[in-house]
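Per-entry structural report
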Amino acid sequence: MMHATVDGDFEADESQYLLSDTDADTRTVTMTGTQRLCCLSFCIRNFCARLCEGLVSCCIRRRQLSSRSIHIGYQTAEKFPPNVIRNQKFNFFTFIPLVLFEQFKFFLNLYFLVMATSQFIPELRIGYLYTYWGPLGFVILVTMIREAVDDVRRRQRDNEVNQQKYKKLTPHGGSRTVTSANIKVGDLIFVEKDQRVPADMVFLRTTEANGACFIRTDQLDGETDWKLRLAVPVTQKLETNEELFNMNAMVYAEKPQKDIHNFIGTFTKHDTDTEESLSVENTVWAGTVVASGRLLGLVVYTGCETRSVMNNAAPRSKTGLLDLEINNLTKLLFVAVLGLTVVMMCLKGFGGPWYRYFFRFLLLFSYIIPISLRVNLDVGKAFYSWVIQRDQEMPGTVVRTTTIPEELGRINYLLTDKTGTLTQNEMVFKILHLGTVAYGTDTFDEVQAHVNTFFCKDASSAGASGTPTRMRRTVVTRVGEAVKALALCHNVTPVYEDGSGQPPEESQNGDQPHTVLYQASSPDEVALVKWTESVGLPLVHRDLTTLTLRTTSGKLLTYTVLQIFPFTSETKRMGIIVREELTGEIVLYIKGADTVMASMVEYNDWLEEECTNLAQKGLRTLVVARKVLTPEQYTQFEQRYNAAKLSVTERGSRVAAVIETLECDLELLCLTGVEDKLQNNVKQTLELLRNAGMKIWMLTGDKLETATCIAKSSRLVSPNQGLHVMGNVSTRREAHLELNALRRKSDSALIIKGDALETCLQYYEHELMDLAVQCPAVVVCRCSPTQKAAVVRLIQRHTGKRTAAVGDGGNDVSMIQAADAGIGIVGKEGKQASLAADFSIDQFQYIARLCLVHGRDSYKRSAALSQFVMHRGLIISTIQAIFSSIFYFSSVALYQGFLMVGYATVYTNFPVFSLVLDRDVSPNIALTYPELYKDLTKGRSLSYKTFFIWVLISIYQAHFLSLGFYALSIIFMHYFDWNFIKSKDFFWKVVVITLVSCLPLYILKFLRRRFTPPTYSKLEELNTFGSTNMTQPQP
């Protein structure tokens, strides 16, 4: 009863929490409504929004997802989406409306649109139309050109993928070439080895004799393990491909889903009334790559209905935080314009057509809000992007989004992928530990000698003279058994130069070397098999029933594979039962994680300690054990195992229970350590970014153990830092307990699985995020592409901080597009992430320079530039106010026509260019002292404080420059006294006015830097002093 009450309280709290969020959203919308300028601006904004929504709904028809039944060999009558990849933001019809909407949603542009439109009314016109429509039109034109160029480039990149060639099977036994974009549901498509799968397909046939092939899914789920896929047995048994058109068969596929790990379908052959179930093992998803053989598949999903596209987010236009801050400041400037207008009207009086005078004053003071601000900022950002691409310290860097380079200077959270981003995805065998002795890379030659002795001893008589001592013989035996276990307990298949799994006859004796490629579902297993080859026990052949090893003497050892128990994330181990043909000995070999193997092996006092030591070194550990079975034991096990596999209900638990009867009292053979090589300078880069104030989260689709290991080896989690692992959390109570446990741990890194994250977010989203953002590091494993993007949005929503996401695979595209700054790495997983990112780099280590140097320069320069342009508009508007006040508050423009346009563009361009090239600290200082970056994230370079300082400077200078500007403007008027202009009086008056307006400001600036210098100036002095001392000769 109490438990029900607690649950009821939880539900009430959540309802209240959700209600408060809704109220907050309502308040935000209401507040935005009160800030509408006037009825005209309200109508324009709503008209643009409704027009864009209507065009989008007309151009993009939303289709109801449904299941389908496909008759093999026949075209489907139902219409399905085209098989095209489209990353464009616009099309021919939506380009102009969407670009205009994106521009006029900013207050600055909307304000000037209203001002320019008002000039069509004769009573309100105070100047030429081009003085208002010229700058506004130029800004919009530049923006449209930039968006058009970017979208054309996206289209070109999409066409490269959509125009890839594939072979389509025809009813007459041949094949014809089709492009990826022309593939339809129901087509029979060939996919060659190392070729990308163009659409979601059911796997029908393969050239591999065993009816199976491996695929690489790292572009889809981020996992480096190769996945084994099985052809439909009925179609694999056919003699030729053409027989597919003669069989009366149909494939049923469920409606398109986001879940990449499950599939529900059936294969029905009507002429024999046979039906087989189809699972994810019988499918190949779009974006994966065939790693072995050639396959033939039936297309079931195309285009936007494929798993890869459904897990990717639509591209969006990103707006920088600086642009939002400037937008807010322009609203404040508009309030100032209104206030100044009201003051002038109060002084003038409200007699006569006062509303006309009110609007004319509003137009006269509109230069307080500078339309040229957008142009200057866009030109500056284009220059910053060009500088980034030309940086010799970051070769290969490409800026694909030129509107947000300053975002790199405001990053608080960096979210990174693991595989191919932090690591090179290259496994290297490092340690073989036997308990009493351990062998490393420098002592593997001893292992090779022991292996040679072990197999020579087996070949000779046991009592031959010259045998080593008992202790020596024990070490040799233990090493030999451990190496043999590693050579047998795996799912690796050797493939030779001719593409077969059988070695050439002349090389079986070891006389001639031959090139072999190992195929497996995991790079760890390939590393183990390559190591056994290096120490003298290579794998030379494997099929469904046999394994063949070769000793250093050239003798072939053949083993019959009786059973295989594959690795799963639940069991965390894999096993194999083999029978040696020479002796008939039956042995069960098992390898797995130490957490599950520790309770299965015989008692020992070293395993747990050594596993901890290897894990602290960042190595991936595997415990290897064996058990010798008698024929009777195996026969009994086989009977019970087959009976469990035929169970209709609870098949999985019954099979697991039978296997567990063998997994006890195992003989511990060895402990292995494998290193996943990191990218260059990953540790130093992560340390640099942490010192800069960034919190780093790792989001990966890999296993929990692997993610934990990489987090330690890369120093994402420091060695002396605690870990809190959230494993299997499926209920609300478990989530509550885990969060309470995390709350009690201080300075602990959080490692959480994707399904546990979903459960916690379902019930305790706010509490989880409050705790997670306090952790020094967070690792999310078993994370789908959709979850990666959701985590980015959660951080943005709960913290309001700026995020950057970095990845190199297709599974990272959603995360990259959701982040405020997306960084793609060109790596082994292809260029999909690089092409979808805002910034493309070649190595992870470039991120430090990209953010700490170029991000700093871009933000500081843009902040100074925007405030200077506002300062420029405030000066001219203040002078206009002084002029109107002197001449009886008349609403007449002081400067007409091209003078105002020139003032906002040509006449004051040199200060703008100087600010674009400005730099406060050198790149060496920024990288040597990353703590300087923390000041940037606080936004002090552009704040209300700095804004009001610039306002005071503008008012001060405007009062003293008003006469100076007036004097300079008369040069263009023919009815002024030119003799006076040429006189000395005119010259010294202008000089005095300039000195009085500028000199005090420079004095104040000098005094401020003298008594309260910024931090970076002290560091520059320290760095210069240190360099001088180092260059001085020693006595």
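As the structure is a computational prediction, the values presented were derived from the model and not from experiment.

Some remarks on the overall build of the protein
Helix and strand content of the protein: 34 helices and 33 strands. By residue count, 51% of the 1035 residues in the protein fall in the buried class. Partitioning the intrachain contacts of the protein with sequence separation of at least 6 by distance along the chain shows that 73% fall at a separation of at least 24. Only carbon and sulfur atoms are counted for the fraction: they give 58% of the accessible area of the protein, which is about 48800 Å².

Side note on helix α20 (residues 704-713)
Taking burial as the measure, the ten residues of α20 include eight buried ones, the bulk of the element. Among all positions of α20, only L704, T706, A707, T708, C709, I710, A711 and S713 are buried. Positive backbone phi, at 65°, marks R715, one or two positions downstream of α20.

Focus on the pattern of salt bridges
Close approach of charged atoms allows side chains of opposite charge to pair. Under the counting rule described, the total for this entry stands at 28 salt bridges. A salt bridge links E667 to R626; the nearest nitrogen and oxygen atoms lie 3.0 Å apart. Taken together, the positions of E667 in strand β26 (residues 667-678) and R626 in strand β25 (residues 620-629) put the pair 41 residues apart, joining distant regions of the chain. In this structure E667 comes out as partly exposed when scored by relative accessible area, which is 34%. Of the residues examined, R626 reaches a relative accessible area of 12% and is grouped as buried. Among the ionic pairs, D920 bridges to R856, the shortest N-O distance being 2.8 Å. In this pair, D920 is assigned in the loop between α28 (909-916) and α29 (923-928) and R856 in helix α26 (residues 846-886), connecting sequence segments 64 residues apart. Both residues of the pair, D920 and R856, count as buried.

Looking at a nonpolar patch on the surface
On the surface, F987, W988, V991, V992, L995, L999, I1003, L1004, F1006 and L1007 cluster together into a nonpolar patch covering about 970 Å² of accessible area. If you trace the backbone, L1007 turns up in helix α33 (residues 984-1011).

Re the sheet that holds strand β14 (residues 398-399)
Strand order in this open sheet of nine strands is β14-β33-β32-β31-β15-β27-β30-β29-β28, and the pairing throughout is mixed. Strand pairing shows two members of the sheet lacking a second neighbour, β14 and β28 (722-726), which therefore form its edges. For strand β15 (residues 411-416) and strand β27 (residues 695-699), the ladder comprises four bridges, and the chain directions are parallel. Its bridge partner being in β27, L414 is matched across the sheet by I696. Of the strands in this sheet, β28 and β29 (748-753) touch helix α21 (residues 732-744), which is tilted by about 170° from β28.

Describing the packing of helix α5 (residues 130-162) against helix α11 (residues 372-389)
Between α5 and α11, whose axes approach to 9 Å, the crossing angle comes to 30°. Once α5 is placed against α11, the crossing between them reads as left-handed. Of the residues in α11, those touching α5 at F138, V139, T143 and R146 are R374, V375 and D378. Broken down by class, the residue content of the contact of α5 with α11 amounts to three nonpolar, one polar and three charged.

Comments concerning the UniProt feature "active site" (unreviewed entry) in the protein
The sites that UniProt annotates as "active site" (unreviewed entry) are D417. Within the element layout of this structure, D417 appears in the loop between β15 and β16 (423-433). For D417, a relative accessible area of 0% gives the class buried. Only 3.3 Å separates the side chain of D417 from the side chain of K788, close enough to count as a polar contact.

Overview of the sheet that holds strand β23 (residues 573-580)
Read from one edge of the open sheet, nine strands run β17-β16-β26-β25-β24-β23-β22-β21-β20, paired in antiparallel fashion. At either margin of the open sheet sits one strand with a lone partner, and together these are β17 (438-439) and β20 (539-542). Sheet topology note: the strand β21 (residues 546-550)/strand β22 (residues 556-565) ladder contains five bridges and is antiparallel. When the sheet's bridge partners are listed, T546 is paired in β22 with T560. Seen against the sheet, helix α14 (residues 523-534) touches β16, β20, β23, β24 (586-592), β25 and β26 and runs at an angle of roughly 50° to β16. In the packing of helix α17 (residues 631-645) onto the sheet, the strands contacted are β22, β23, β24 and β25, and the crossing angle to β22 comes to about 35°.

Some remarks on the pairing of strand β3 (residues 175-179)
The pairing of strand β2 (residues 165-169) with β3 spans five bridges and is antiparallel. Pairing of K165 across the sheet is with T179, part of β3. Hairpin connection between β2 and β3: a loop of five residues separates the two successive antiparallel strands, and G173 in this loop has a positive phi of roughly 95°.

Here we look at the side chain of R861
As for its position among the elements, R861 is in helix α26. Side-chain polar atoms of R861 contact the backbone oxygen of V916, separated by 3.2 Å. R861 has contacts with F383, Y384, L915, V916, L917, D918 and R919, leaving out every residue within four places of it along the chain.

Observations concerning the environment of G435
Checked against the element boundaries, G435 lands in the loop between β16 and β17. Here the alpha-carbon distance between G435 and D605, two residues 170 residues apart in the chain, equals 8.7 Å. Beyond its immediate sequence surroundings of up to four residues, G435 is in contact with R478 and W606.

Brief notes about the packing of aromatic side chains
Per the stated rule, a full pass over the model turns up 21 aromatic pairs. When the ring of F263 is compared with that of W285, the centres are 5.9 Å apart and the planes differ by 70°; the resulting orientation is edge-to-face. Residue F263 is found in the loop between β8 (249-253) and β9 (265-269), and its partner W285 is found in the loop between β11 (283-284) and β12 (289-290); the two are separated by 22 residues along the sequence. Grouping residues by exposure puts F263 and W285 together as buried. On the basis of an interplanar angle of 20° and a centroid distance of 4.2 Å, the ring pair of F429 and W531 is categorised as stacked. Residue F429 is located in strand β16, and its partner W531 is located in helix α14; the two are separated by 102 residues in the primary sequence. For the pair F429 and W531, a shared accessibility class is recorded, and that class is buried. An aromatic cluster is defined as three or more aromatic residues linked by ring pairs; in this entry it consists of F565, Y634, F637 and Y641. One cation-aromatic arrangement involves R294 over F190; the distance from NZ or CZ to the ring centre is 4.1 Å. Positioned above the aromatic ring of W285 is the side chain of R307, whose terminal nitrogen or guanidinium carbon lies 4.4 Å from the ring centre.

As for the packing of helix α4 (residues 107-118) against α5
As a packed pair, α4 and α5 sit with axes 9 Å apart at the nearest point and diverge in direction by 145°. Like other packed secondary-structure pairs, α4 and α5 cross with a definite hand, here left-handed. Between α4, through N109, F112, L113, M115, A116 and T117, and α5, the contact on the second element is made entirely by Y132, W133, L136 and V139.

With respect to the environment of N691
Within the fold, N691 resides in helix α19 (residues 682-691). You can call N691 partly exposed: its relative accessible area is 28%. In this structure, the C-alpha to C-alpha distance between N691 and P930, residues 239 residues apart in sequence, is 5.9 Å. Contacts of N691, omitting those with residues within four sequence positions, involve P930, E931 and K934.

Quick look at the side chain of R68
Turning to its location among the elements, R68 is positioned in strand β1 (residues 68-71). The exposure class assigned to R68 is buried, which follows from its relative accessible area of 2%. Within polar-contact distance, the side chain of R68 engages the backbone oxygen of S66 at 3.3 Å.

Quick word on the confidence of the model for the protein
When the pLDDT values of the protein are averaged, the result is 80; 83% of them are 70 or greater. Counted against residues more than four places away or in other chains, residues 1-45, with its pLDDT under 50, gives 26 contacts. A low-confidence stretch, residues 55-60 (pLDDT under 50), is modelled with seven contacts involving residues beyond four sequence positions or located in other chains.

Description of α26
The end-to-end C-alpha separation of α26 is 59 Å, in line with the 60 Å expected for 41 residues at 1.5 Å each. Of all the bends found along α26, the most pronounced is centred on G855 and spans about 35°. Summarising burial for α26: 36 of the 41 residues are buried, a large majority.

A closer look at unusual backbone geometry
Positive phi is not limited to glycine here, since K572 has a value of about 60°. One can find K572 in the loop between β22 and β23. A relative accessible area of 26% places K572 in the partly exposed class. Residue N681 is not a glycine yet carries a positive backbone phi of 60°. Considering the arrangement of structural elements, one finds N681 in the loop between β26 and α19.

Criteria and cut-off values
- Residues numbered from 1 in each chain as written.
- Predicted model: local features only at pLDDT ≥ 70, side-chain atom pairs only at ≥ 80, totals over all residues.
- Heavy atoms only, no water.
- Helix = DSSP H or I, 4+ residues; strand = E, 2+ residues; numbered from the N terminus.
- Buried < 20%, exposed > 50% of the residue type's maximum accessible area, 1.4 Å probe, protein only.
- Contact = heavy atoms within 4.5 Å.
- Areas by Shrake-Rupley, 256 points an atom, 1.4 Å probe, with all protein chains shown as cover.
- Salt bridge = Lys/Arg side-chain N within 4 Å of Asp/Glu carboxyl O.
- Patch = residues over 30% accessible without salt bridge, like charges linked within 9 Å, V, L, I, M, F, W, Y side chains within 5 Å.
- Pairing = 2+ DSSP bridges.
- Axes fitted to C-alpha atoms, helices over the stretch in contact; angles between N-to-C directions.
- Left-handed = near helix turned anticlockwise from the far one by under 90°.
- Nonpolar A, V, L, I, M, F, W, Y, C, P; charged D, E, K, R; others polar.
- UniProt positions renumbered as here; feature names shortened; annotations may be inferred.
- Polar contact = N/O pair within 3.5 Å; in protein donor to acceptor, adjacent residues only side chain to side chain.
- Phe/Tyr/Trp six-rings, centres within 6.5 Å; stacked < 30°, edge-to-face > 60°.
- Lys NZ or Arg CZ within 6 Å of the ring centre and 35° of its normal.
- pLDDT = per-residue confidence, 0-100.
- Expected span 1.5 Å × (residues − 1).
- Bend = angle between axes of the 7 residues up to and from the residue.

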